[in-house]
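Here's the letter readout for the chains.
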Amino acid sequence: MNNAQIEIQLIASLVAVACAIPGTFLVLRKMAMISDAISHSILPGLVIGFFITQDLNSPFLILLAALTGVITVVLVERIQKTGLVKEDTAIGLVFPALFSIGVILIAKNANDVHLDVDAVLLGELAFAPFDRLMIAGADVGPKSLWIIGTILSMTIGLLIAFFKELKISTFDAGLAASLGFSPALIHYGLMTVASVTTVGAFDAVGAILVVALMIAPAASAYLLTTNLKKMLGLAISFGVFSAISGYWLAHWLDASIAGSITTMLGLLFLIIYLFAPSKGLIAVMYREKQQRTEVSLLTFLLHLKNHSETRERHVNHLQEHINWQKVRAKTVLDLALKNNMIIIDNNIVSLTQKGDEFTSKAINYIITNEDAQIEDMKDDFFLFRG
Amino acid sequence: MDKKIAVQVDDLTVAYNYKPVLWDIDLEIPEGVLMAIVGPNGAGKSTLIKAILGILKPIAGSVSIYGKPYDQQRKLVAYVPQKGSVDWDFPTTALDVVMMGTYGSLGWIKRPGQKEKKAALEALEKVGMLPFKGRQISQLSGGQQQRIFLARALVQDASIYFMDEPFQGVDATTEIAIINILKELRKAGKTVIVVHHDLQTVPEYFDWVTFLNVKKIATGPVKDIFNDDNLTKTYGINYKVSIQE
Amino acid sequence: MDIQEYFSLVFSDYTLRTITLGTAVLGAVTGMLGSFAVLRKQSLLGDAISHAALPGIAIAFLITGAKDSNTLLIGALVSGLIGTFWIRGIVTKTHLKSDTALGLILSLFFGFGMLLLTFIQKQPNANQAGLDKYLFGQAATLVESDVWLMAIITGLCLIVLLFFWKEFKLFLFDADYAKTLGFNTKFIDILITSFIVLAIVLGLQTVGVVLMSAMLLAPAAAARQWTNSLSKMVLLAAIFGAFSGVFGTAISASQNNLSTGPVIVIVASVFVIFSFIFSPSRGLLFRQIRFISNRRDLEQQKTLAFMYHIAETHENISHPHTIKILNNFQGYTRKTLQKLVDKDYVTLDGTMWSLTEKGFETAANLYNQQAIKDE
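Since we're looking at a predicted model, the values are computed, not measured.

1. A few points about the overall build of chain A
Part 1: Along its length, chain A carries 17 helices and four strands.
Part 2: Going through the 386 residues of chain A one by one, you find that 57% of them count as buried.
Part 3: At a minimum sequence separation of 6, the contacts of chain A that also span at least 24 residues come to 65%.

2. Focus: the domain arrangement of chain A
Part 1: The assigned domain composition of chain A is domain 1 (3–279) and domain 2 (283–381).
Part 2: Centre-to-centre separation of domain 1 of chain A and domain 2 of chain A, based on C-alpha positions: 51 Å.

3. Let's talk about a negative patch on the surface
Part 1: A contiguous patch of negative charge on the surface is contributed by Asp116(A), Asp118(A), Glu124(A), Asp203(A) and Asp132(C).
Part 2: Its location among the elements puts Asp132(C) in the loop between helix H5 (98–122) and helix H6 (133–136).

4. Focus: the sheet that holds strand S7 (residues 160–164) of chain B
All names here are of chain B.
Part 1: Sheet architecture is open: six strands sit in the order S6-S7-S8-S3-S9-S10, paired in mixed fashion. One side of each edge strand has no neighbouring strand; the edge strands of this open sheet are strand S6 (77–80) and strand S10 (215–221). Taking each pair of neighbouring strands and ignoring which way they run, the sheet shows an average axis angle of 15°.
Part 2: Two strands pair when backbone bridges link them, and strand S9 (residues 208–213) and S10 are joined in this way by six bridges, in the antiparallel orientation. In the strand pairing of S10, Val 209 is matched with Gly 220.

5. As for helix H4 (residues 87–108) of chain A
Part 1: Between the first and last C-alpha of H4(A) there are 33 Å, a value that for 22 residues agrees with the 32 Å anticipated at 1.5 Å per step.
Part 2: Burial runs high along H4(A): 18 of the 22 residues are buried.

6. A few points about the pairing of strand S3 (residues 352–355) of chain C
The two faces of the sheet receive side chains in turn, since in a regular strand these alternate between them.
All names here are of chain C.
Part 1: Sheet topology places strand S1 (residues 321–322) next to S3; two bridges connect them, and they run antiparallel. Counterpart to His 321 in the pairing with S3 is Trp 353.
Part 2: Bridge analysis of strand S2 (residues 346–349) against S3 gives four bridges, and the strand direction is antiparallel. Bridged to Val 346 within S3 is Leu 355.
Part 3: A loop of two residues connects S2 with S3, the two strands running antiparallel in sequence, and Gly 350 in this loop sits at a positive phi of about 60°.

7. Comments concerning the packing of aromatic side chains
Part 1: The full count for this structure, using the stated rule, is 22 aromatic pairs over all chains.
Part 2: Ring centres of Trp108(B) and Phe187(C) lie 5.8 Å apart, and the angle between their planes is 75°; on these two criteria the pair is classed as edge-to-face. Taken together, the positions of Trp108(B) in the loop between helix H4 (103–106) and helix H5 (114–126) and Phe187(C) in helix H10 (residues 185–207) put the pair across two chains.
Part 3: On the basis of relative accessible area, Phe187(C) is assigned to the partly exposed category, the value being 39%.
Part 4: Centroid distance Trp226(C) to Phe274(C): 6.2 Å. Interplanar angle 25°. Geometry classified as stacked. Note that Trp226(C) is positioned in the loop between helix H11 (212–224) and helix H12 (230–253) and Phe274(C) in helix H13 (residues 260–278), a separation of 48 residues in sequence.
Part 5: Using a relative accessible area of 46% as the deciding quantity, one classes Phe274(C) as partly exposed.
Part 6: Following the ring pairs from residue to residue traces out a cluster consisting of Trp108(B), Phe36(C), Phe164(C), Phe168(C), Phe183(C) and Phe187(C).

8. Here's the deal with the pattern of salt bridges
Once the charged atoms of two side chains with opposite charge are near each other, the side chains can pair.
All names here are of chain B.
Part 1: The full count for this structure, using the stated rule, is 15 salt bridges over all chains.
Part 2: Between Glu 122 and Lys 118 there is a salt bridge, with its nearest N and O atoms 3.9 Å apart. Within this pair, Glu 122 and its partner Lys 118 are both found in helix H5, separated by four residues, close to a single helical turn.
Part 3: The class of Lys 118 is exposed, set by a relative accessible area of 55%.

9. With respect to helix H1 (residues 3–28) of chain A
All names here are of chain A.
Part 1: The terminal C-alpha atoms of H1 lie 38 Å apart, and with 26 residues this matches the ideal 38 Å at 1.5 Å per residue to within 8%.
Part 2: Along H1, the sharpest change in direction is near 25° and occurs at Ala 20; proline Pro 22 comes one to four residues later.
Part 3: Taking burial as the measure, the 26 residues of H1 include 21 buried ones, the bulk of the element.
Part 4: Downstream of H1 by one or two residues, Lys 30 has phi in the positive range, about 55°.

10. Some points on the environment of Ile153(C)
Residues and elements named next belong to chain C.
Part 1: Mapped onto the fold, Ile 153 is located in helix H7 (residues 144–163).
Part 2: Measuring from C-alpha to C-alpha, the distance between Ile 153 and Leu 198 comes to 8.3 Å, with 45 residues separating the pair along the chain.
Part 3: The residues touching Ile 153, leaving out its near neighbours within four places in the chain, are Phe 195, Leu 198 and Leu 202.

11. Here's the deal with the packing of helix H6 (residues 143–161) of chain A against helix H7 (residues 163–171) of chain A
Residue and element names in this part refer to chain A.
Part 1: Where H6 contacts H7, the axes come no closer than 4 Å and their chain directions differ by 70°. In terms of axis orientation, H6 runs roughly perpendicular to H7. For the pair formed by H6 and H7, the contact residues are Leu 158, Leu 159, Ile 160 and Ala 161 on the first element and Phe 163, Glu 165 and Leu 166 on the second.
Part 2: By residue class, the composition of the contact of H6 with H7 is six nonpolar, no polar and one charged.

12. Observations regarding the interface of chain C and chain A
Part 1: Contact with chain C, which involves 56 residues of that partner, is made by 62 residues of chain A.
Part 2: Taking both sides of the interface into account, the surface hidden between chain C and chain A amounts to around 4,900 Å²; carbon and sulfur atoms contribute 75%.
Part 3: Those elements that provide at least two residues to the side of chain C that touches chain A are helix H3 (45–64), helix H4 (69–93), H5, H6, H11, H13 and helix H14 (284–312) of chain C.
Part 4: The leading source of residues in the side of chain C that touches chain A is H5(C), at 16 residues.
Part 5: Partitioning the side of chain C that touches chain A into residue classes produces 30 nonpolar, 17 polar and nine charged.

13. Notes on unusual backbone geometry
Residues and elements named next belong to chain B.
Part 1: Even without being a glycine, Asp 11 presents a positive backbone phi close to 50°.
Part 2: Relative to the elements of secondary structure, Asp 11 occurs in strand S1 (residues 5–16).
Part 3: Of note, Ile 109 is a non-glycine position whose phi angle comes to about 70°, a positive value.
Part 4: Along the chain, Ile 109 falls in the loop between H4 and H5.

Here is what the cut-offs are and how they apply
- Residues numbered from 1 in each chain as written.
- Chains lettered and ligands numbered in written order.
- Predicted model: local features only at pLDDT ≥ 70, side-chain atom pairs only at ≥ 80, totals over all residues.
- Heavy atoms only, no water.
- Helix = DSSP H or I, 4+ residues; strand = E, 2+ residues; numbered from the N terminus.
- Buried < 20%, exposed > 50% of the residue type's maximum accessible area, 1.4 Å probe, protein only.
- Contact = heavy atoms within 4.5 Å.
- Domains from an automatic or database assignment.
- Patch = residues over 30% accessible without salt bridge, like charges linked within 9 Å, V, L, I, M, F, W, Y side chains within 5 Å.
- Areas by Shrake-Rupley, 256 points an atom, 1.4 Å probe, with all protein chains shown as cover.
- Salt bridge = Lys/Arg side-chain N within 4 Å of Asp/Glu carboxyl O.
- Lys, Arg positive; Asp, Glu negative; His and termini not counted.
- Charge placed at Lys NZ, Arg CZ, Asp CG, Glu CD.
- Pairing = 2+ DSSP bridges.
- Axes fitted to C-alpha atoms, helices over the stretch in contact; angles between N-to-C directions.
- Expected span 1.5 Å × (residues − 1).
- Phe/Tyr/Trp six-rings, centres within 6.5 Å; stacked < 30°, edge-to-face > 60°.
- Bend = angle between axes of the 7 residues up to and from the residue.
- Parallel < 35°, antiparallel > 145°, perpendicular 65-115°, else oblique.
- Nonpolar A, V, L, I, M, F, W, Y, C, P; charged D, E, K, R; others polar.
- Buried area = accessible area lost by both parts, 1.4 Å probe.

The following block contains the structure:
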């Protein structure tokens, strides 16, 4: 590995971390698509800022572009408030318009602006090490590294300072307001951080891939844990892992680094989506199948408890009357027998003592929704977990 | 002589996302009653109606309308969903919404004609909304919107009417207007089933009641079974009148 | 070439005619279907689908090596549909919300597509110049067969719309109710979604992946402001879409270096802004005017009610009072007083005012109405 390679991986990792932090809160606050809107609509701010500063790495330009991001959020909210269109339509109307203005500004001033539309979408991570920051004639590293490093340390600082407020306002906005934390302040604070991060990351990974770095690690982490701190930690590690493995994928394929990082994020998400222990697709499908059987079992037991007539308790009644198609009656019958809940005598099914108690407890739980009584049942039955 | 059974529910169990909300419900609704379904929040009142109408698929059990599965009898059944279940900013007029009640008997592709329009106008007249027929639906008050929904069900000219909280968020005048129409329907021999949450008005409005809380607690004539015992069984010891489901 | 020249050439020049027809047809079909997307609250689905189509284009190119746009469109269609169904899978099977699912599919598919595109660019034999246009769209690359394809799909879409109009309307407004009436809502849903995906894929070559969603939303959002009828809304959206297409193409063709997509989107956005402000029934301008005039009416009514209370205490309602009494009253201004005089509710005599018979009655009625409302 040469120096440039290390620097690129370092920049990519810092971008990933800087995106994962606000991204986690956006996902939790159901505002993921706002990051899409911001990442597109900062473009005109970036171009206009460039006209003024003539320097893509100027802090002033970053602030100006970030301001466009916040303006986007405000604009979306204002349009939503008019009630003329539905909420998501407002997002969908604002950002393409602003992005188009940006693209047209670039195209009309192609000779003056050294921005290229491909770079807007993809970033130029590969060239990042060549733009060095010189302080007093000494080379202190690539400019992008310093920019994203500064943004990241600010983000981390804010995260630590306001962690409690962020947490409360994310999970219970009403409570936050009653405790005196202005939800609006936290909302716009988060939007500002997301905008600044997007601008800082834009240069490296481009508009749409910022969205991937914000949403995918957080969404993957959310499938594994609901603990906020763990989720942040996981999201950051997923981001960094994808950044580094994505770099090597790009190296191997000789393709876009940003595209490769996103692809790695995609693969990671796919794996977690399928295999996450309790919230992954396979786990969910297995649980649903189990629950189906268990619900059928309970229905069956309850039916036995409710009906003393022998006609209603005949084995054949299962097929005829209860009309089960999804779960074979035999599975249910076997399960009940195995658990000693029923006895079959002359094709007439009756509840055992154990079955009777179990059914009473279960139905009681279902009606009252009180957890304590069924602690011991949770191990045996999916139905009563979570 | 026993009355005919309009709706029969056998061993019905329904689950949302495989979490059961209705357990082993057996229910017989005789023809010609005006019945309230009462129970606390989350008792599965709306779910019961939706399962009977085939909007939700039950896990177990069966439903029959006059002895046959719902699919074969849909023309005998009309439905008034909860007012909050649709987008009232939808670009359409009151008359248009009421016309939708005729779509079922028209079937696929066939368009409504003069006959359907006449039926819709008559229904609007019946609920006192004829002057508002051309109004965009978002410009109607909550009570007026509810009347439009009722008119849409009346157009279906059914034998059995299912209504999900028709008195929710309506003004006093509308409430009286609606209950009068429901009583008229009963007089005409129709069966009306209403998800209801105002226990105070049950004896005044209805002649039949079903207590529901995940499982069926009791069902029968209001004068026989609308008592403290059943109320306590349904709502628990900390019995409270619920606002809405 | 400037815009005038463009419009003078549009009927004679083959290329210009093709492009213009193409964007017009495209705008019409996306506007029409966009109305459904907007009313179903699936506005952002279009954005996700169009981005999700990109890897399909690249893979179709990698497999067939063809630059033929129809082959690439089939790739786009397949990957767009996969994206759509994956979004549904995420929303129904996990606890992730729809906005997260949309953002995920949008960015992940797009990133993968970009990986493939850059990979293709580096291939020595790849004549890849054609693929870039799918990012921002190049109407100039439309050929007659493309326009034919669009026209056929639009025609098909129109026929389906006419046949299933009643079902679509019912489904969009109240899907549960549609189900109880015996309509197969799954079928209607799949029909609508498939046509939306198809329209998006058709537009990729012209408008591009990045901005395609605006073509779907903007005409529909603009049209919604002008009418309260679904059929008129769909028709208007088609017209707005077609005009956005034509104007956008005209402007981008008359300038150097401008992709079609962004210009069409700007034109469509102008339609939206205009509609938001100037629509007579919903627009912000008229809403503001109504608000101000309501407030003025209210002030007038307040003044009148105040006078009524004073006049009430006298046997003769027309008993004159000094204007000074009114000075302590908030609703009173010279202007409101003059308005009341104009309406013949009040007569002025020097510094004295008195209520007329008409004014007294109006005020009394006002009072009664208020009392009824309060009950």
